[in-house]
Amino acid sequence: MDNERGLAVSAANRTGLRLQWSPVIAGALAAAALSVILIGFGAAVGLGVSSSSPSWRDASAALALLSGLYLILQALVSFGVGGYIAGRAQRVIGATPSDEIDSRDGLHGLTAWALAVILGATIVALVGLSTARPVVQNRPSATAAEPLLSAELDRLYRSQRRPANIDIGYERAEAGRILLTSSGRSGVSADDRSYLIQQVAAATGLPAAEAEKRVDSVMGDARTAIQRSRRSAVILAFSVAAALLFGAVAAWASAGAGGRHRDGAALPEWMGGRPTTAVPIV
């Protein structure tokens, strides 16, 4: 008889600790949707962490820092809401100790966070593929330098005497590949520099001395643009990593708060709950 009772309690505990996927999926979808809304709003008001636009290169360090902080803040809000839903919506089945319930609530919140991250990464990858595919089809000679150094390439081949029907797409792509080496440790080689000067002089009709002066000026600007782009990439990587880590903590804590709210306890003050005041005993 005692053995049967022990087996029943053990089965109930195993049932109570089982991961429930419906609350996890609901929390993950809510977190992903809210994150998309907040990131879209931040991008609309100019709080993009990084951009391929030439105007982003002149952005101040304060704007880059503010953009990174906003990315972390939206992760706290989005994953916090998703974790709360995951903890609040699940059911407690069987007799389970309170500490095990808290651990299970946090596990549900963390699982919802992981699923939301996967959904967000999938959306970003699909959007990136859809936007990059037409560029590759329309301009097969385009390189990675085109969106980054488009202003420098325009200035490099700017001319008022070139006929309008001449396509210099391949020359721009070749010059872009050369300019990308300007930020390396050895910089642009002497042969590439001489070749680029000849190309610019032939495409624009400039004298050799003016073409050389233009190439040197553009190479310096390209080096600065690439360095600023690397700085933006570092800020973006750090902000994304910090946002995801803080989001995991927020999802775990919010799921625990949602579970306690489900069990009849009041919400904590950091989630908008009313502060509880101790009643003095007379």
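A quick note: this is a predicted structure, and the numbers were derived from the prediction, not measured. (Residues numbered from 1 in each chain as written. Predicted model: local features only at pLDDT ≥ 70, side-chain atom pairs only at ≥ 80, totals over all residues. Heavy atoms only, no water.)

**Q** I'd like a description of the overall build of the chain, backed by residues and values.
**A** Each helix and strand in the chain was counted, giving 9 helices and 0 strands. The order of α-helices and β-strands along the chain, N terminus first, is α-α-α-α-α-α-α-α-α. For the chain, with 282 residues in total, the buried portion stands at 33%. Across the chain, every contact between residues at least 6 apart in sequence was considered, and the portion connecting residues at least 24 apart equals 74%. As displayed, the chain offers around 16,700 Å² of accessible surface, 63% of which is attributable to carbon and sulfur atoms. (Helix = DSSP H or I, 4+ residues; strand = E, 2+ residues; numbered from the N terminus. Buried < 20%, exposed > 50% of the residue type's maximum accessible area, 1.4 Å probe, protein only. Contact = heavy atoms within 4.5 Å. Areas by Shrake-Rupley, 256 points an atom, 1.4 Å probe, with all protein chains shown as cover.)

**Q** Lay out the pattern of salt bridges in plain terms, naming residues and giving numbers.
**A** Using the criterion set out here, one finds 5 salt bridges in the structure. Here Asp-154 ties to Arg-172 by a salt bridge, and the two come within 2.7 Å at their closest N and O atoms. Taken together, the residues span a long stretch of sequence, with Asp-154 in helix α6 (residues 150–156) and Arg-172 in helix α7 (residues 169–180) at a distance of 18 residues. Exposure remark for Arg-172: the relative accessible area of 11% places this residue in the buried category. (Salt bridge = Lys/Arg side-chain N within 4 Å of Asp/Glu carboxyl O.)

**Q** Can you break down the nonpolar core residue by residue, with the values?
**A** In terms of nonpolar packing, the biggest core is built from 23 residues, with Leu-149, Leu-156, Tyr-157, Leu-179, Leu-196, Val-200 and Val-215 touching the most fellow members. Looking at this core, the elements that each hand over two or more residues are α5 (145–148), α6, α7, α8 (190–204) and α9 (208–262). When residues in this core are grouped by element, the largest group, 7 residues, is from α9. Contact partners of Leu-196, with chain neighbours within four places excluded, come to Leu-156, Tyr-157, Ala-175, Ile-178, Leu-179 and Val-215. (Core = buried A, V, L, I, M, F, W, Y, C linked by side-chain atoms within 4.5 Å.)

**Q** Any chance you could break down the packing of α7 against α8 for me, citing the residues and the numbers?
**A** Between α7 and α8, whose axes approach to 11 Å, the crossing angle comes to 150°. Between α7 and α8, the angle is such that the two are roughly antiparallel. In this structure, the crossing between α7 and α8 has a hand that is left-handed. Between α7 and α8, the residues in contact are Glu-171, Glu-174, Ala-175, Ile-178 and Leu-179 and Asp-192, Tyr-195, Leu-196 and Gln-199, respectively. For the contact of α7 with α8, the residue count by class is 5 nonpolar, 1 polar and 3 charged. (Axes fitted to C-alpha atoms, helices over the stretch in contact; angles between N-to-C directions. Parallel < 35°, antiparallel > 145°, perpendicular 65-115°, else oblique. Left-handed = near helix turned anticlockwise from the far one by under 90°. Nonpolar A, V, L, I, M, F, W, Y, C, P; charged D, E, K, R; others polar.)

**Q** Quick rundown of the confidence of the model for the chain? Include the residues and the values.
**A** When pLDDT drops low, the exact placement of atoms in the prediction is not to be read closely. In this model, the chain carries an average pLDDT of 78, and 73% of its residues clear a pLDDT of 70 or more. The model gives residues 4–16 a pLDDT under 50, and that stretch makes 9 contacts with residues more than four places away or in other chains. Confidence drops under a pLDDT of 50 for residues 277–282, and excluding neighbours within four residues, the segment shows 0 contacts in the predicted structure. (pLDDT = per-residue confidence, 0-100.)

**Q** Can you tell me about the packing of α8 against α9, naming the residues and giving the values?
**A** At a minimum axis separation of 9 Å, α8 and α9 run at an interaxial angle of 120°. Considering their axes alone, α8 and α9 lie oblique with respect to each other. The handedness of the crossing between α8 and α9 comes out as right-handed. Contacts between α8 and α9 pair Arg-193, Leu-196, Ile-197, Val-200, Ala-201 and Thr-204 from the former with Ala-208, Ala-211, Glu-212, Arg-214, Val-215, Asp-216 and Met-219 from the latter. A per-class count over the contact of α8 with α9 returns 8 nonpolar, 1 polar and 4 charged.

**Q** I'd like to hear about α9, residue by residue, with values.
**A** Taking 1.5 Å of rise per residue, the 55 residues of α9 would be expected to cover 81 Å, and the 78 Å separating its terminal C-alpha atoms lies within 8% of that figure. In the stretch just after α9, Gly-264 is the one whose phi turns positive, near 105°. (Expected span 1.5 Å × (residues − 1).)

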